[in-house]
Amino acid sequence: MNKRIENLKTYIQDLNQGVREKNLYEYVGESLKQTEGEPVQIRRAKAFQNVMERTPQLVLPYEVITGTMLGQCPLKKDVLSKEDQRKKAIETMEAYLDEKKRNVAVDEIVYDEEHIKSFEESFQSKKSRWSLMARVYQDSSVPYDDLQDLIAEMKEIYEPQGLEAYEVGRELERAFKIEYEGDNKKRFDDLPYFIGNHISLNYERIIKVGLAATRDRIQNLLDTCEDDKKKEYYQAALITANATIAFIHRYADTVRSLSEETLTTQERSKELKCMADILDTIAENKASSFYEATQLMWMLHIIANIQGGSALSLARIDQYLYPFYKKDLENGDITEEFAKDLLSCVWLKVNEPRMRTVESATLGGIDREGNDAANDLTRICLQVAADVRVPYPNIGLRINKKNPDWLYDESILTTASGAGQPMLLNDEIWIESLKKLGFSQEDANDYYNMGCVELEVPGKQPSYGVCEAIAFPVLIEEVMRKYKEGIYEIHIYDDYFEAYKKELDLAIEADYEEAVGKRNMMKDCCYDPYSSMLIDGCLESGADMLQGGSELPTEWSVYAYGIGTAADSLYAVKKVVFEDKAMTLDHLNDVLDANFEGYEAERRLLSDCGEHYGNDQSGVDEVANQVLDHFTKQVDSLNHRGMGDVFVSTLFGYFFHIYHGEIAKATPNGRKKGEPFSDSMGPSQGKDVNGPTRLLNSVLALDSGKITGAFALSFKMNSSFFSDATGRAAMKDLLKTYIEAGGPQIQVYTTNAEDLKDAMVNPDKHRDLIVRVGGYCEFFVDLDRTLQKEILSRTIYGE
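Conventions and cut-offs
- Once a new chain begins, its residue numbering starts again from 1 and follows that chain's sequence as written.
- Only residues with pLDDT of 70 or above have their local features reported here, since the model is predicted, and side-chain atom pairs are shown and tallied only from 80 upward, although totals for entire chains, interfaces and linings are computed over all residues.
- Note: side-chain values were computed over all heavy atoms of the structure, leaving out hydrogens and water.
- Only protein chains enter the area calculation, which uses a 1.4 Å probe; residues under 20% of their type maximum are buried, those over 50% are exposed, and those in between are partly exposed.
- By definition, any uninterrupted DSSP run of H or I lasting at least four residues is a helix, any uninterrupted run of E lasting at least two residues is a strand, and each is numbered from the N terminus.
- At least two bridges found by DSSP between two strands is the condition for calling them paired.
- Here, axes are lines fitted to C-alpha atoms. For helices the fit covers the stretch in contact, and angles between N-to-C directions go from 0 to 180 degrees.
- Contact between two residues is taken to exist if any of their heavy atoms lie within 4.5 Å; hydrogens are not considered.
- In the analysis that follows, any N or O atom pair within 3.5 Å is treated as a polar contact, provided that within protein one partner can donate a hydrogen and the other can accept it, and provided that, for residues neighboring in sequence, both atoms belong to side chains.
- Only buried Ala, Val, Leu, Ile, Met, Phe, Trp, Tyr and Cys residues count toward a nonpolar core, and they belong to the same one when joined by side-chain atoms within 4.5 Å.
- Directions are taken from the helix axis to each C-beta atom, and the arc is the one they span.
- Here, a salt bridge means any side-chain nitrogen of Lys or Arg that lies within 4 Å of a carboxyl oxygen of Asp or Glu.
- Any two of the Phe, Tyr and Trp rings considered here, Trp counted by its six-membered ring, make a pair once their centres fall within 6.5 Å; the pair's planes then place it as stacked at under 30 degrees, edge-to-face at over 60, or tilted in between.
- Charge-over-ring placement is defined geometrically: NZ (Lys) or CZ (Arg) within 6 Å of the ring centre, and within 35 degrees of the ring normal.
- Handedness of a crossover: with both strands directed away from the viewer, a clockwise path from the first strand across the helix to the second marks it as right-handed.

Buried residues dominate strand β8 (residues 555-561), accounting for seven of its seven residues. Direction of pairing for strand β7 (residues 470-471) relative to β8: parallel, over a ladder of two bridges. Pairing of Ala471 across the sheet is with Tyr561, part of β8. Pairing of β8 with strand β9 (residues 646-651), which is carried by six bridges, proceeds in the parallel orientation. The residue bridging Trp556 from the neighbouring strand is Phe647, located in β9.

The following block contains the structure:
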């Protein structure tokens with residue numbers, strides 16, 4: 001890492017320490033006040049225009065790629081003192097405790113029936129707490145570290161008085177959220193100002209044709225259109241295109257004015273003038289160099305974030321930027337070192353304050369025509385990730401038989417750096433899965449990882465559809481409850497598993513109904529003209545992407561996770577209750593209801609019943625496969641109901657193994673009430689004791705070819721294992737064997753128990769420590785302490 005990039009990284013990390021407000025509600029609200037009575041789609045476009053005009057523009061020192069959200073997110077001035085924080089925390093918990101004693105319903109936030117909830121509102125309104133890492137708790141009025149301290153102290157005081165740990169955390173999260181000015185926020189919600197998220201916009205198209213040509217195309221479509229509904233769309237698109245062009249020209253002026261300030265050094269002034277000229281060029285024209293293409297890509301990306309986007313992806317960055325790099329390198333117009341500087345700026349700026357989780361990028365694989373797509377820029381991106389070592393962008397490295405062998409080598413070197421990157425995606429599995437969903441060969445070949453691990457076609461699909469995540473272990477709780485109530489009659493294990501499948505069917509059906517309800521609620525009221533301008537099909541059809549204008553359909557993800565806890569629990573029931581008859585099902589119910597209190601012998605019997613998923617043991621692995629098989633079949637059946645969208649099975653849980661685990665009862669694998677479930681497709685924490693090869697064999701025993709949406713398997717290695725060529729070669733052989741045997745995905749990260757433990761006590765000494773959480777990375781010290789403990793409890797291989 002050279003001095004410029006090192007300084008920029010330090011500067012950005014320091015920026016992330018403060019509490020920040022956001023002016024989005026103000027800028028949108030003041031526009032909506034002026035446009036009352038106009039069509040919703042036009043009001044939405046004009047609100048975007050006002051955001052572009054009103055957002056202050058800043059230029060960070062050291063950067064050579066510019067564009068930031070910081071102007072819209074000023075530091076909060078009136079942060080409470082530690083004493084006042086504690087006072088408010090106690091008042092909050094006392095009020096909640098009083099309400100609970102009076103049986104007042106306080107678990108969920110109730111919205112108006114017509115309110116269209118954002119992604120985060122949907123989860124924040126539930127019984128669970130939400131803010132398990134600093135990056136998602138962006139509207140806090142206190143620093144995240146302070147919130148963690150308050151949660152820890154209040155738990156000590158109020159758990160003995162009968163409150164659950166999750167209740168303490170949830171109520172404090174809600175208490176310390178920033179309250180924004182009411183009228184503007186209400187206008188924002190009532191419109192609604194809905195933003196495209198969990199998406200990849202077609203930056204490549206704009207890079208190749210330019211914004212002015214796009215604007216002129218929209219004007220021509222508007223002039224020749226005779227359909228009133230389409231005309232309204234094109235009017236909104238034209239407002240958006242002009243606002244985008246004006247914003248970039250304004251940024252050029254901002255940068256140029258900075259170059260003329262007296263305190264700016266001569267060298268920096270020259271850089272800034274060059275940056276300003278590039279901004280003026282790309283504001284309207286197509287890119288003609290790698291520098292211009294990279295800056296235009298970033299400017300389009302930051303605009304999407306400024307307007308409120310979340311989980312936005314740079315998608316296949318090594319594909320659409322490579323022709324510019326190759327041409328400039330051959331012509332002597334750029335060096336590899338400067339290209340790395342430009343991309344290092346991009347990598348670091350993705351980690352600026354208020355950049356929303358989880359931003360991603362995809363590398364390698366094959367191109368649309370099926371040719372090897374790994375190139376010099378693929379290598380450079382991996383080296384940049386290793387050099388700067390930041391959690392985002394979340395890199396999906398596509399692996400294909402046509403790729404050169406060096407791709408594995410570069411991947412392992414990046415992982416060895418401690419970057420937590422990349423995850424490996426098996427092209428053979430995922431291309432076929434996308435084709436089964438009806439996507440063309442070319443589109444399937446072009447897939448990318450959206451946000452974490454979810455897969456889509458870049459630039460052609462609208463926002464990813466998100467439904468309530470299904471926790472495989474929670475369904476066991478439902479089976480036991482309904483058995484106790486006499487709803488299920490269970491005599492043998494097959495009866496038990498049939499009841500489990502019925503509960504799984506009910507959960508999947510609930511997700512289907514949720515998707516239908518969300519789609520119907522969005523009809524004729526939700527628009528995103530900026531995202532729609534950058535999604536293929538919308539200009540051609542004259543319709544917003546949220547109103548069916550995109551070239552390809554919406555994917556609705558039916559998420560499920562916790563296979564390790566579920567498989568271990570089901571196997572324990574099968575073995576202990578029905579095969580060995582060591583306890584009755586009624587007794588098991590009593591044991592679980594008591595949270596194993598007074599039943600330690602029973603807990604040991606269940607916990608140590610002989611087999612655990614993740615150890616290459618056929619009995620429990622077959623149970624896991626039966627759960628997975630039923631889940632994937634039922635999700636796929638939703639695609640035959642004629643809804644028109646696509647439903648995909650997604651084996652990934654973000655941080656829901658904590659989120660749901662905290663409120664769930666004890667499970668038959670010996671897990672106590674409130675403890676975490678297993679993460680995504682991983683084993684129960686600490687139960688994979690037979691080594692890494694056995695873990696991967698358990699995964700390979702599953703029929704993962706039926707999964708259509710995503711898969712997440714974390715693999716924690718001791719950092720010392722990568723310290724020499726022998727260890728790296730062994731890891732390469734292991735990963736190649738796994739991928740070639742049909743492993744769909746894997747994400748290896750390096751750490752050691754000593755560093756994790758010390759980071760929990762001395763966080764300032766470990767600000768750069770990166771871990772894999774679910775299908776994504778994060779700085780360990782920016783995680784909730786419960787999540788930190790869960791990551792610490794996972795098996796570390798290579799010790």
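The next thing to look at is the sheet that holds strand β3 (residues 423-426). Pairing is mixed across the open sheet formed by five strands, whose spatial order is β1-β2-β3-β12-β11. Only two strands of the sheet have a single neighbouring strand rather than two, namely β1 (360-364) and β11 (714-718). The sheet shows a mean angle of 25° between the axes of neighbouring strands, direction not considered. Sheet contacts for helix α18 (residues 406-416): β2 (394-399), β3 and β12 (745-751); angle to β2, the most-contacted strand, approximately 155°. Its contacts with the sheet place helix α31 (residues 725-740) against β2, β3, β11 and β12, and it is angled at close to 160° to β12.

Let's shift gears to the side chain of Asn449. Along the chain, Asn449 turns up in strand β4 (residues 448-450). A polar contact is formed between the side chain of Asn449 and the backbone oxygen of Asn394, at a distance of 3.4 Å. Here the side chain of Asn449 touches Cys452 through a polar contact of 3.4 Å, landing on its backbone oxygen. Non-local contacts of Asn449, meaning those with residues more than four positions away in its chain, are made with Ser313, Ser360, Ala361, Thr362, Asn394, Ile395, Gly396, Met423, Leu425, Glu454 and Leu455.

Let us now look at the environment of Asn426. Relative to the helices and strands, Asn426 resides in strand β3. In the structure, Asn426 is positioned 320 residues away from Ile746 in sequence and 8.9 Å away in space, judged by C-alpha atoms. A polar contact is formed between the side chain of Asn426 and the backbone oxygen of Ile739, at a distance of 2.9 Å.

Ile317, Trp347, Tyr496, Tyr654 and Phe655 are the most contacted members of the largest nonpolar core, which has 246 residues in total. Every residue in contact with Tyr654, bar those within four places of it in the chain, is listed here: Trp130, Met133, Val136, Thr357, Val358, Cys452, Asp679, Val773, Gly774 and Tyr776. Counting residues in each nonpolar core, the second largest holds 17 residues, with Met93, Tyr137, Leu147 and Leu163 among its members.

Another point: helix α15 (residues 322-331). Residues Phe324, Tyr325 and Asp328 constitute the buried set of α15. The arc that holds every buried residue of α15, seen down its axis, measures 95°, which confines them to one face. On its buried face, α15 is in contact with α9 (203-209), α13 (290-306), α14 (317-320), α16 (336-349) and α17 (376-388). Directly after α15, the chain includes Gly332, whose backbone phi takes a positive value near 75°.

Considering the arrangement of structural elements, one finds Thr55 in the loop between α3 (40-54) and α4 (82-101). Relative accessible area serves as the criterion here: at 0%, Thr55 is assigned to the buried category. If we skip the residues at most four places from it in the chain, Thr55 touches Tyr27, Gln72, Arg250 and Ile306.

Next up on the list: the pattern of salt bridges. Opposite charge on two side chains lets them pair, provided their charged atoms get close. Tallying each qualifying case throughout the model produces 72 salt bridges. One salt bridge connects Glu30 with Arg54, and the closest N-O pair in it is separated by 2.5 Å. With Glu30 in helix α2 (residues 24-34) and Arg54 in helix α3, this pair connects stretches of sequence that are 24 residues apart. What makes Glu30 partly exposed here is its relative accessible area of 26%. The exposure class of Arg54 is partly exposed, given its relative accessible area of 33%.

For the rest of this paragraph, the subject is the packing of aromatic side chains. Counted according to the given criterion, the structure contains 28 aromatic pairs. Ring geometry for Phe290 and Tyr325: centres 5.6 Å apart, planes at 65°, overall edge-to-face. You can see Phe290 sitting in helix α13 and its partner Tyr325 sitting in helix α15, a full 35 residues away along the chain. For the pair shown, Phe290 and Tyr325 are each scored as buried. With a centroid separation of 5.5 Å and an interplanar angle of 70°, the aromatic rings of Tyr291 and Phe338 are classed as edge-to-face. Here Tyr291 is found in helix α13, whereas its partner Phe338 is found in helix α16, with 47 residues between them in sequence. Taken together, the ring pairs connect Trp130, Tyr561, Tyr654, Phe655, Phe656, Tyr659, Phe677 and Tyr776 into an aromatic cluster. The ring of Tyr447 carries Arg398 above its face, with NZ or CZ at 4.0 Å from the centroid. Arg641 extends its terminal NZ or CZ atom over the ring of Tyr512, reaching a point 4.4 Å from the ring centre.

All right, on to the pairing of β12 then. The element β12 is extensively covered by neighbouring structure, given that seven of its seven residues are classed as buried. Of the two faces of β12, both are covered, the one formed by Gln745, Gln747, Tyr749 and Thr751 as well as the one formed by Ile746, Val748 and Thr750. Summarising the sheet, β3 and β12 pair through three bridges and their orientation is antiparallel. Bridge assignment links Met423 to a residue of β12, and that residue is Gln747. Pairing of β11 with β12, which is carried by five bridges, proceeds in the parallel orientation. Directly across from Asn718, in β12, lies its bridge partner Thr751. For the crossover from β11 across α31 to β12, the handedness is right-handed.

Bringing unusual backbone geometry into the picture now. In this chain, Tyr392 is followed by Pro393 through a cis amide linkage whose omega measures 5°. Relative to the elements of secondary structure, Pro393 occurs in the loop between α17 and β2. The residue after Gln421, namely Pro422, is reached through a cis peptide bond having omega -10°. Structurally, Pro422 can be placed in the loop between α18 and β3. Despite not being glycine, Ala311 has its phi angle at roughly 50°, a positive value. Here Ala311 lies in the loop between α13 and α14.

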